[in-house]
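Spelled out from the first residue to the last, the chains are:
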Amino acid sequence: MEIVITPDPQAAAVVAADAIERLLLNNTEPVLGLATGSSPLPTYQELIARYRSGRITFANGRAFLLDEYVGLEVGHREAYRTFIQRELTDQVDLPANALFGPDGNTVELATAAERYEQLISDVGGIDLQLLGIGSDGHIGFNEPTSSLGSRTRLKTLTDATRTDNARFSDDDISAVPRHVLTQGIGTILEADHLILLASGASKARPIAQAVVGPLMAMMPASALHLHPHATVIIDEAAAEELSHSDYYREAFANKPAWQHI
Ligand code: F6R
């Protein structure tokens, strides 16, 4: 696992966007996995700026959501498909039919989950998956005790996660759905490259536990240790409780020029 500590979230966004830019330039049919929430927003802003300046195109790409709320109608402001359209895909040239997400608006949720797994496999898997981390250590919406081999499925959000996410719904926890469809940890681990972004003091504890270990179901983000190419990009505040942080800074500062994240 590579740990990159940056002075602020904007610098973290540049490191993540550089990796996405390389994928878009070098792969004829790039497949991105997109997270919602606050953590990836600076990266999405950076990608939009690079698209507008003509540096990158998403025209041949496909994008897959990490998760989706259950029961929010199509176009609902807080639905994750709407979120990602608003914050990224409507502002770049990703074709409208190249954005995929689990269908959380059906009664056939188990079928929708299976269909989503099939879709990801039909395109040959995800090349680069962006992730955030919950204050309880979740990735996607795999809450603590999720199986490390889990696939896309229905999950019940913890009260802690619903409280965290109420900020997007005027602090009204009752407006945050209790259920989601989320890529499983096993699904996430099949992407070629995982980039986890985190900033701010509220992420310092889960980041320290995920990076240092132990690998455990109570800390879903610790599953990144099972992946051969996982990059954790954090700002100084999120690195606050991390041991070995000087080593991570030194390693990144002295990376050979040819060796990207
Ligand atoms: C979002 C997702 C979640 C968030 C996590 C952190 O699609 O799957 O795991 O990444 O809850 O959220 P923020 O970035 O808002 O702190």
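Bear in mind the structure is a predicted one, so any value in this text is a computation, not a measurement.

About the cut-offs
- Residues numbered from 1 in each chain as written.
- Predicted model: local features only at pLDDT ≥ 70, side-chain atom pairs only at ≥ 80, totals over all residues.
- Heavy atoms only, no water.
- Helix = DSSP H or I, 4+ residues; strand = E, 2+ residues; numbered from the N terminus.
- Rg over C-alpha atoms; globule rule 2.2 N^0.38 Å.
- Buried < 20%, exposed > 50% of the residue type's maximum accessible area, 1.4 Å probe, protein only.
- Contact = heavy atoms within 4.5 Å.
- Areas by Shrake-Rupley, 256 points an atom, 1.4 Å probe, with all protein chains shown as cover.
- Lys, Arg positive; Asp, Glu negative; His and termini not counted.
- Charge placed at Lys NZ, Arg CZ, Asp CG, Glu CD.
- Axes fitted to C-alpha atoms, helices over the stretch in contact; angles between N-to-C directions.
- Parallel < 35°, antiparallel > 145°, perpendicular 65-115°, else oblique.
- Left-handed = near helix turned anticlockwise from the far one by under 90°.
- Pairing = 2+ DSSP bridges.
- Right-handed = clockwise from strand over helix to strand, strands pointing away.
- Near = heavy atom within 4 Å.
- Polar contact = N/O pair within 3.5 Å; in protein donor to acceptor, adjacent residues only side chain to side chain.
- 1 Å grid on protein atoms, 1.4 Å probe; cavity = no way out; pocket = protein on both sides within 12 Å on 5 of 7 lines; lining within 4 Å.
- Sits in = over half its atoms within 2 Å of the grid points.
- Nonpolar A, V, L, I, M, F, W, Y, C, P; charged D, E, K, R; others polar.

1. Brief notes about the overall build of the protein chain
What the protein chain contains, in helices and strands, is eight helices and 10 strands. The C-alpha radius of gyration of the protein chain comes to 17 Å, within 12% of the 18 Å expected for a compact globule of 261 residues. Considering only C-alpha atoms, the protein chain reaches an extent of 50 × 40 × 35 Å along its principal axes. For the protein chain, the proportion of its 261 residues judged to be buried stands at 53%. Of all intrachain contacts in the protein chain linking residues separated by at least 6 positions in sequence, the fraction that spans at least 24 positions is 78%. When the accessible surface of the protein chain is summed, it comes to about 11,400 Å², and 51% of that surface belongs to carbon and sulfur atoms. Between the centroid of the 19 positive side chains of the protein chain and the centroid of its 34 negative side chains there is a distance of 1 Å.

2. Concerning the packing of helix 1 (residues 9–26) against helix 2 (residues 41–52)
When two helices pack together, their arrangement is given by the angle between their axes and by how far apart the axes lie. Their axes nearest at 8 Å, the elements helix 1 and helix 2 cross at an angle of 55°. As the angle between them shows, helix 1 and helix 2 are arranged oblique. The way helix 1 lies across helix 2 gives a crossing that is right-handed. Together, Pro9, Gln10, Ala13, Val14, Ala16, Ala17, Asp18, Ile20 and Glu21 of helix 1 and Pro42, Thr43, Glu46, Leu47 and Arg50 of helix 2 make up the contact between the two elements.

3. So, the pairing of strand 3 (residues 62–65)
Pairing between strand 2 (residues 31–34) and strand 3: four bridges, direction parallel. Opposite Val31, over in strand 3, you have Arg62 as the bridge partner. Once you follow strand 2 into helix 2 and on to strand 3, the crossover reads as right-handed.

4. Examining the site of the ligand
In the neighbourhood of the ligand, 15 residues make up the surrounding shell, with Ser39, Asp67, His138, Gly140 and Lys203 lying closest. Here an oxygen atom of the ligand and a side-chain polar atom of Asp67 are 2.4 Å apart. A distance of 2.6 Å separates an oxygen atom of the ligand from a polar backbone atom of Gly140. When atoms are counted within 2 Å of each cavity's grid points, the one that captures over half of the ligand is the largest pocket. Taken together, the residues of the shell around the ligand sort by class into four nonpolar, eight polar and three charged.

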